[in-house]
Amino acid sequence: MSDGYAPWSRDQREAEEERLAPAATRSVASRGRARFEGPDDYRTAFERDRDRILHSKAFRRLKHKTQVFLNPEGDHYVTRLTHALQVTQVARALAAALRLNEPLAEAIALGHDCGHTPFGHVGEDALSPYMEGGWHHASQGVRIFEVLEDRNLTWEVRDGIRAHTWRIEPPPATPEGHCVRFADRIAYLSHDALDALRAGVLTAGDLPASARECLGEPGSQWLDRMIRAVVDETVRTGEVAMRPDVLAVMHELRQFMFARVYLAADQTGRKQGAIEVIRRLVDHHLEHPELIPVTYRDTGANHVTQVLDYVAGMTDRFALSTYDQLFRPGLAALPD
């Protein structure tokens, strides 16, 4: 380093935020943390949150959690971890183009799926009967970072994780949180379609004609055109939104993916096997709570919640390994 070089301080980074769009969330205007912390010398509040999530155990476990295909053969299928990274890239692209707070969007995106069960959304179906009102990964993600791996995150990041899915109300309180909502759907539709093509579940000719005409070829063209559609409409309206014509195609594509991929008949047997694994693990630990590690137990919660915390936090392979040890030693596959 040359003489006179000085690091870029937090104050300078916060000052740079004044160049963001008027609607952007400033770190100095955060609603704060549950417990007061003095400021960092170099990082803004949202940058600290990003780093805390990135170094959490919950984030690391995503590498062995299913996105769509259960126990796929092949190294190139999307996992929950690579999905989180892809959502983060799309969210940052949106935030940068719209002059919003990139570290806030990044923190929310990195943390948005940390509450997922093993075996993807199938795990939510498995756990819902045990919880009044059903079980949802978004609320579990907030619980992880508030209780199980308390990271004392800012209110804005926790709010974005809470409301990253479209069915959650109220919606995110920040435009960066809305960017993550769009980024999540843009990313999973793009990479799940590619995975379905790779797996032979779909052929290129199966995709809706509207998607081919509007978005081009699956992959980078889909990402580019959906991102541009959000940027264009947001600039036009002043609210984070997607151009209506592209939004309609995205909705049609999502319905197609549910019918042909997510809820496909050829996946049903494996999904039922995954549900059996999870529910038997829950039932067994309800009968034997002493098996829950002390390090992953909220002693202030009721018995059922403690068990759900533990089973929901398992990776696919740990859930299968535990199931095999308990119920069928020597085997390692989803039950038929």
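Residues numbered from 1 in each chain as written. Predicted model: local features only at pLDDT ≥ 70, side-chain atom pairs only at ≥ 80, totals over all residues. Heavy atoms only, no water.

Student: Honestly, the layout of surface pockets in this entry has me stumped. Any pointers?
Tutor: Think of a ball as big as a water molecule: rolled over the atoms, this probe shows where empty space is left. Quantified by volume, the largest pocket comes out at close to 850 Å³. Looking at the largest pocket, it is lined by 37 residues, and the ones nearest its centre are H121, E124, R167, R254 and F258. Listed by contribution, the elements that provide at least two residues to the lining of the largest pocket are α4 (80–97), α6 (121–127), α7 (137–148), α9 (175–199), α12 (244–262) and α13 (265–287). Among the residues making up the lining of the largest pocket, the classes are represented as 11 nonpolar, 16 polar and 10 charged. (1 Å grid on protein atoms, 1.4 Å probe; cavity = no way out; pocket = protein on both sides within 12 Å on 5 of 7 lines; lining within 4 Å. Points joined across faces, edges and corners; volume = space filled by probe spheres on them. Helix = DSSP H or I, 4+ residues; strand = E, 2+ residues; numbered from the N terminus. Nonpolar A, V, L, I, M, F, W, Y, C, P; charged D, E, K, R; others polar.)

Student: Hey, could you run me through the pattern of salt bridges in this one?
Tutor: As a working rule, side chains carrying opposite charge can pair if their charged atoms are close by. Overall, the coordinates contain 29 salt bridges when judged by the stated rule. In this structure, the salt-bridge partner of R167 is E124, at a minimum N-O distance of 3.9 Å. Separated by 43 residues along the polypeptide, R167 in the loop between α8 (155–162) and α9 and E124 in helix α6 bring together distant segments of the chain. We classify R167 as exposed; its relative accessible area is 60%. For the salt bridge of R198 with D195, the shortest nitrogen-to-oxygen distance reads 2.6 Å. Placement of both R198 and D195 in helix α9 is noted, with a separation of 3 residues, approximately one turn of the helix. (Salt bridge = Lys/Arg side-chain N within 4 Å of Asp/Glu carboxyl O. Buried < 20%, exposed > 50% of the residue type's maximum accessible area, 1.4 Å probe, protein only.)

Student: How should I be thinking about the side chain of E176 in this particular structure?
Tutor: Residue position: E176 is located in helix α9. R26 is the oppositely charged side chain nearest to the buried, salt-bridge-free E176, at an N-O distance of 7.1 Å. (Lys, Arg positive; Asp, Glu negative; His and termini not counted.)

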